[in-house]
Amino acid sequence: MTTKHITRKATRHISQNEGLIFEKSSPGKAAWKLPPLDVPDVDTATLLGRQERKDLGDMPEVSEIEIIRHFTRLSTWNYAIDLGMYPLGSCTMKYNPRVNEFVSRIEGLANGHPYQAEKISQGALRIMKTLSDCLLEITGMDAITLQPAAGAHGELTGMLMVRAYHESTGNARKKILIPDSAHGTNPATAATVGYAVENLKSNGRGMVDVAALAAQMNEDVAALMVTNPNTLGVFEQEIHKIAELMHAKGGLLYMDGANMNALVAKARPGDFGVDVMHLNLHKTFSTPHGGGGPGSGPVAVKKNLAPFLPAPVVTTKADGTLGFEYNRPQSVGRVRAFYGNFGMFIRALAYIFANGPDGLRQTTEDAVLNANYIRKGLEGVYDLPYSTPSMHEVVFSDKLQSKKGVKTMDIAKRLIDYGFHPYTTAFPLIVAGALMIEPTESEPKEELDLFIEAMKSIAEEVEEDPQFVLDAPHNTRISRLDETAAARKPVLRWKPENV
Amino acid sequence: MRYLPKSPADRAAMLQAIGIHSVDDLFSPIPAECRLTRDLAIPQQMAESEIVDWFKQRAKENGEGYTSFLGAGAYSHYRPVVIDALVQRGEFLTSYTPYQAEFAQGTLQAIFEFQTMISELTGMDLANASMYDGSTGAAEAVMMAVRITGRHSGVIARSLHPEYRDVLNTYATHQAIPLRMVSFTDSGQVALKELETAVGDDTACVLIQSPNFFGTIEDVEAIAEIAHKRGALLIVSIAEAASLGIVEPPRTADIVAMEAQSFGVPLGFGGPYCGVLATKEKFVRQMPGRLVGQTVDKNGKRGFVLTLATREQHIRREKATSNICTNQALVALMVNIFMTVYGKIGLRELAKQNLAKAVYAADQFSKHAKVLFAGAPRFNEFVVETSEDPYAINSRLLGHKIVGGFPLKKFYPELGHAALWCCTELTTRSMIDTAVGLVAESERSVQTMKEVEQEVVR
Amino acid sequence: MSYPSDRRYTKEHEWITADGTIGITDHAQDSLGDIVFVELPKVGTEIATAKPFGTVESVKAVSDLFAPVSGTVTSVNEDLATAPETVNKDAHGAWMVKIKVKDPSELNALLSAADYEKFVSEEAAH
């Protein structure tokens, strides 16, 4: 068996076993201590009567050192950007700068209450205003809301605004066009807002088929949702024409900003006809993914859609101070309590400050350079279904390897043994057996070389011993898990009797 | 740029390997008329020290050093230091959604423990891996009830957090779910008679909050009976999670939509927070959001995976239970660590301190002003009605570096000069006495003014 | 795989017997993989030709069940709720719903076992 490169990136090492926290619990252990009560004690039974809770059931009782060890041990079972490359396509797993974490925890910012008086909220408002201004300049749009809590939530907000805009003209319209290469959230969002979804086929180059669009576009279509560059990492070269086609029949152009990392400081959606778009601060602007969130999904729009932004919006008052404007009669309403994931605004703004205009441009250039370097390195080894130039990500397929019965997910699992997180598998849907690779700008040349070597080595393994790849991963704490059993008889919580 | 790991020589070598001369060639797919040829007009690159200074300056303008009586959906509780020590470990902070279970077991097991503790605390069978926040969680719960019952309208308590109601309105409008509002009685609780008539055969759910927006604990059982009698589900929203330490959980509810911010999540000017949905086992397939389940690997070893993924957008697309994609994993981890630190006994003691502080404060206020909604049990919030506009009182309190209660006029015009005050374990007796003193002073001066006016009239 | 000739088939991979018993074909269960959940309508539900009446889920996919003909559900296979794997083991035995067929002549428009087998092999050739 060839494992010639495997030790260059990863080596097996001891990791600690650790049970569930409930299995460590025993009565009398504690990790907490409250200060003495400085007001009279109360009789809870009298105060609460039958509403009093007497027992908290199976909640744990453990000491502080056990908590530290418990979560530290768990943490060592995770892969992370801090450990190495995370080539997940369309996820933009870039470095999460530590200064972002530091500034978000400064007292006054971390402890600010959302309802404290505007007079003592000027700092928070200034952060929101500055971030808004920066994002508007980066996208070339006119107005923005920071309220949505994540990308999909931003999409929802954007589509609500599309609907409100059409309703204000007297016709809400009926459907949304979505290219077949789109992310699953796009159709889910359109449906949530009450629109029918109509699929739009891609052309042979992996782009929106403009002729098909012209044929499908009519007065029933409220908007087209595009991702640009799309999920193949391909820039929609006819984006101007697409925008014209939409606008000519009164439709709007929505852009999913998932792939903005290919465009920042190089091209602005507002300059190529986009009417409304969302950004993912946790992708393009370096806020941490944290194992699945929190995200933040600002939505930027052109002037004609500005009246429909969720309330409140940040405004500059006559005296020069900042405040929240609630009186917005055409607003789609609120999409979240308070003002959004403020902690993420701080982090994203710190990232923009650290970069400046030249840093952001270099970032985008490096992201695109890295993707093309990988493409060059793996061309011929893996099938490239679309030869159209790549921007920040490249999509291969498992066509060559599947002849040996090895699918993209198997290759991905084997990549784990080499010390890398897998790329995105089986997406976009228009590529059968897709391997979607986005390195981001954060990878040094050495890491990219190791990745290319690992992928080549796996391709060789597929030829020599496909079963070995099918059984991967071999070096992890646990092997492939029985997902069927998990779904047939879901066990979603610990119970004492499960032991 | 200090985050970029390449030397000019690296870049040159990579361009050569690709077979091009300049990085500009890589951007040629973007039509020239779409390209930006100038610098972005944003602040120039800053050093780390400059960034820190800038944000410290903003913190100074943002109520740094103030203590507060604000609650109303965002609560100030002590955060044990182990929380930040652990959540800042790169393996948690910088990992992705745990789709690749083999080396994301840390996140997965932590979520499984989170789901367990939330189920235990809420009195439900199971809980999801988190939602954006309490407001969106409540809206998702209503849509879930619509799917389960096949009915198309909702009945909402007016004592539900007003901003949660706003969010729900936004969602419901486009799902064509009419919402009927039920008001509150003099005790601050849901008006049961009105509720009886509001719930009909097309009611998918009744949505209440307990403790409600006024801090009053609802009679959940009585409300459940009314809802269930007509075949509607009961959704209970919990905005102050700390109440679960001492207030009986809503076991008769069908769905609990909780905001878990109180458990170790910084106030952070409103976010990120941590919503959670918990429900009965029979409704699990209609619940949105990620779920972690226990299973075994091929050697029989226990492990955890994301499960029941077919409910989600990436598989069902336009037929998904929700378009929700991310959860709040890192914030849920904070909540998880907080619950673990306090545990079975600590959460109760913590809740008891909150209760004691609020009882003391309400007693003191009641000596000088009117404490509304007496007659029903409360947790750590209460409503004080003053003669003077609470905004005026609050602005004097600011001089003592104290942020006063939340004036209710904005959301409940009929409550006039009432404000919602919150006490937690962090509220000190001296803070309470200062605030009460100022309110007493205000009442005295209003009284004197009245007397003077009466003199003049005479 | 042999398809029983005592029933009719659809291009959406369902089978139906003359008395209105409906299930999915062995080919369907095979392409879905391990089935983890089957969602079926309640007794009394009206189902309409070619319209979805339920879903079958595997770990990573959801498929609609389409009604071969119109009718009213008279019985539902409750066992599938706890043992969805039966569909994988014996697709032609593990029925899903029984319906009272509205118009028996509709059955004639469906595929015979031989036609269905031919359809499946042609589909595979694509």
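Residues numbered from 1 in each chain as written. Chains lettered and ligands numbered in written order. Predicted model: local features only at pLDDT ≥ 70, side-chain atom pairs only at ≥ 80, totals over all residues. Heavy atoms only, no water.

What about the overall build of chain A?
Argument step 1. Helices and strands together make up the secondary structure of chain A, namely 15 helices and twelve strands.
Argument step 2. Rg of the C-alpha trace for chain A: 26 Å, near the compact-globule value of 23 Å for 499 residues, within the 12% margin.
Argument step 3. By principal-axis analysis of the C-alpha atoms, chain A measures approximately 75 × 70 × 45 Å.
Argument step 4. Here chain A holds 499 residues, and 66% of them are scored as buried.
Argument step 5. Of the contacts formed within chain A by residues at least 6 apart in sequence, a portion of 71% connects residues at least 24 apart. (Helix = DSSP H or I, 4+ residues; strand = E, 2+ residues; numbered from the N terminus. Rg over C-alpha atoms; globule rule 2.2 N^0.38 Å. Buried < 20%, exposed > 50% of the residue type's maximum accessible area, 1.4 Å probe, protein only. Contact = heavy atoms within 4.5 Å.)

A short note on the domain arrangement of chain A
Argument step 1. Segmentation of chain A into domains returns domain 1 (19-75) and domain 2 (100-352).
Argument step 2. Centre-to-centre, using C-alpha coordinates, domain 1 of chain A lies 42 Å away from domain 2 of chain A. (Domains from an automatic or database assignment.)

Points about empty space enclosed by the protein
Argument step 1. What the rule picks out here adds up to twelve cavities of 30 Å³ or more.
Argument step 2. As for the largest cavity, its lining consists of 21 residues, of which A:Gly343, A:Arg347, B:Pro266, B:Pro272 and B:Met334 are closest to the centre.
Argument step 3. Listing elements by their share of the lining of the largest cavity, those giving two or more residues are α4 (98-104) and α10 (342-378) of chain A together with α11 (329-366) of chain B.
Argument step 4. In terms of residue class, the lining of the largest cavity is made up of 14 nonpolar, four polar and three charged.
Argument step 5. Taken as a whole, the second largest cavity spans an internal volume of roughly 100 Å³.
Argument step 6. In terms of lining residues, the second largest cavity is bounded by 13 residues, among which B:Thr107, B:Ala110, B:Ile111, B:Ala329 and B:Leu333 are the most central. (1 Å grid on protein atoms, 1.4 Å probe; cavity = no way out; pocket = protein on both sides within 12 Å on 5 of 7 lines; lining within 4 Å. Points joined across faces, edges and corners; volume = space filled by probe spheres on them. Nonpolar A, V, L, I, M, F, W, Y, C, P; charged D, E, K, R; others polar.)

A closer look at the packing of aromatic side chains
Argument step 1. Enumeration over the complete set of coordinates arrives at 42 aromatic pairs over all chains.
Argument step 2. Seen in terms of ring centroids, B:Phe213 and B:Phe406 are 6.4 Å apart; in terms of plane orientation they differ by 90 degrees. Their pairing is edge-to-face. Separated by 193 residues along the polypeptide, B:Phe213 in the loop between β5 (203-209) and α9 (220-229) and B:Phe406 in strand β14 (residues 406-407) bring together distant segments of the chain. Both residues of the pair, B:Phe213 and B:Phe406, count as buried.
Argument step 3. An aromatic cluster is built from A:Tyr115, A:Phe338, B:Phe184, B:Phe213, B:Phe214, B:Tyr273, B:Phe373, B:Phe406, B:Phe411 and B:Tyr412, whose rings are joined through pairwise contacts.
Argument step 4. The ring of A:Phe420 has A:Lys9 sitting right over it, with the charged end atom 4.6 Å from the ring centre. (Phe/Tyr/Trp six-rings, centres within 6.5 Å; stacked < 30°, edge-to-face > 60°. Lys NZ or Arg CZ within 6 Å of the ring centre and 35° of its normal.)

A few points about the interface of chain B and chain C
Argument step 1. Counting residues at the interface gives six residues for chain B, matched by eleven residues for chain C.
Argument step 2. Surface buried jointly by chain B and chain C totals about 650 Å² across both partners, of which 46% is contributed by carbon and sulfur atoms.
Argument step 3. Linking chain B to chain C there are one salt bridge.
Argument step 4. Here B:Arg285 makes a salt bridge to C:Glu57, at a shortest N to O gap of 3.7 Å.
Argument step 5. Linking chain B to chain C there are zero residue pairs in polar contact (both at pLDDT 80 or more). (Buried area = accessible area lost by both parts, 1.4 Å probe. Salt bridge = Lys/Arg side-chain N within 4 Å of Asp/Glu carboxyl O. Polar contact = N/O pair within 3.5 Å; in protein donor to acceptor, adjacent residues only side chain to side chain.)

Quick notes on the sheet that holds strand β6 (residues 52-58) of chain C
Within a sheet, adjacent strands bond to each other through the backbone by hydrogen bonds, running parallel or antiparallel.
Residues and elements named next belong to chain C.
Argument step 1. One open sheet accounts for three strands, arranged β4-β6-β7; its pairing is antiparallel. Two strands in the sheet have a free side with no partner beyond their single neighbour: β4 (35-39) and β7 (62-66). Each strand of the sheet is rotated relative to its neighbour by a mean of 25 degrees, with strand direction disregarded.
Argument step 2. Where β6 meets β7, five bridges bridge the pair, whose relative direction is antiparallel. (Pairing = 2+ DSSP bridges. Axes fitted to C-alpha atoms, helices over the stretch in contact; angles between N-to-C directions.)

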